[in-house]
Amino acid sequence: EPELNNNFSPKEIFKKEYTGDFIRYAIYGMRELADAIFWPLFIFLIMKEVLSLGTIVSIAYVITAVASLGIGRFADHGKTTKVTRAAMIIDAISWPARMLAKTFASILSVTVLSFLTFALLDVTSHKKFYDSMKGSIEYVTMREIAMASGRVIITLAILLLGFKGGFIITGIGRAIYALL
């Protein structure tokens, strides 16, 4: 049975060597909340129908589920660096582009693109996390604190700047993520 390192020290959570990972996971947390909560809310406010929102999300999930099978196989072979970087750039651009989506077709297109890039990035991010963790509870704790920090940042951004400002900040965050 695998074991975690139980020599937990809170100061180890914020090791200097974790700084880049902390920023990446904070941006991941921003994107995750923006996509799971704020994007569907934005769609609902535009479409004004739960059925349209459900249809868009369902179609996007089906396409993503099928694509995820190939993405997982792709990630297992470790050939992800160039594709992941391209997906990050596309994902970063997709956030400000969401503001232009006003019709069913444009919202569906942006949502499918978003779900596909997220699936690719999510699978590779989890693989990197499990490779980096090496049984360290400090690393796991740092990741969760970073993701929670990102969620707070995007929530405050949307409350203070509205959806458009929040989506732009998410896009900028994803561009920074691509550069790290």
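Position labels on residues start from 1 in each chain and follow its written sequence. Restriction of local features to residues with pLDDT of at least 70 applies here, the model being predicted, together with a cutoff of 80 or more for giving and counting side-chain atom pairs; totals for whole chains, interfaces and linings are based on all residues. Hydrogens and waters are ignored; side-chain quantities use all the structure's heavy atoms.

Trainee: Looking at this structure, I do not really get the nonpolar core. What am I missing?
Mentor: One recurring pattern in soluble globular proteins: nonpolar side chains tend to sit buried together. By size, the foremost hydrophobic cluster in this structure holds 25 residues, and its most contacted members are Phe38, Trp39, Ile43, Ile107, Ile154, Phe163 and Phe167. The set of elements that each furnish at least two residues to this core consists of helix H1 (19-47), helix H2 (50-76), helix H4 (104-133) and helix H5 (137-179). In terms of residue count, H1 provides more of this core than any other element does, 8 residues in total. Note on contacts: a residue pair is in contact if any heavy atoms of the two residues lie within 4.5 Å. For Phe38, the contacting residues outside a window of four places in its chain are Leu33, Thr155, Ile158, Phe163 and Phe167. Grouping buried Ala, Val, Leu, Ile, Met, Phe, Trp, Tyr and Cys residues that are joined through side-chain atoms within 4.5 Å yields what is termed a nonpolar core. Residue exposure (1.4 Å probe, protein chains only): buried if accessible area is under 20% of the type maximum, exposed if over 50%, otherwise partly exposed. By size, the runner-up hydrophobic cluster in this structure holds 18 residues, among which are Tyr18, Ala119, Tyr139 and Ala146. Secondary structure elements follow DSSP: runs of H or I of four or more residues count as helices, runs of E of two or more count as strands, with numbering from the N terminus.

Trainee: How should the pattern of salt bridges be read in this particular structure?
Mentor: When the charged atoms of two side chains lie near each other, side chains of opposite charge can form a pair. Counted as salt bridges are all cases of a side-chain nitrogen of Lys or Arg within 4 Å of a carboxyl oxygen of Asp or Glu. One pass over the structure, following the stated rule, counts 7 salt bridges. With a closest N to O distance of 2.5 Å, Arg24 and Asp21 form a salt bridge. On the criterion of helical spacing, the pair formed by Arg24 and Asp21 is a turn pair, its members being 3 residues apart in helix H1. Residue Arg24 is classed as buried on the basis of its relative accessible area of 17%.

Trainee: How should I be thinking about the side chain of Thr117 in this particular structure?
Mentor: If you trace the backbone, Thr117 turns up in helix H4. Judged by relative accessible area, Thr117 falls into the buried class, the value being 5%. Nitrogen and oxygen atoms within 3.5 Å of one another constitute a polar contact, given that in protein one can donate a hydrogen and the other can accept it, and given that sequence-neighbouring residues count only through two side-chain atoms. Side chain to side chain, Thr117 and Asp91 meet in a polar contact 3.2 Å long.

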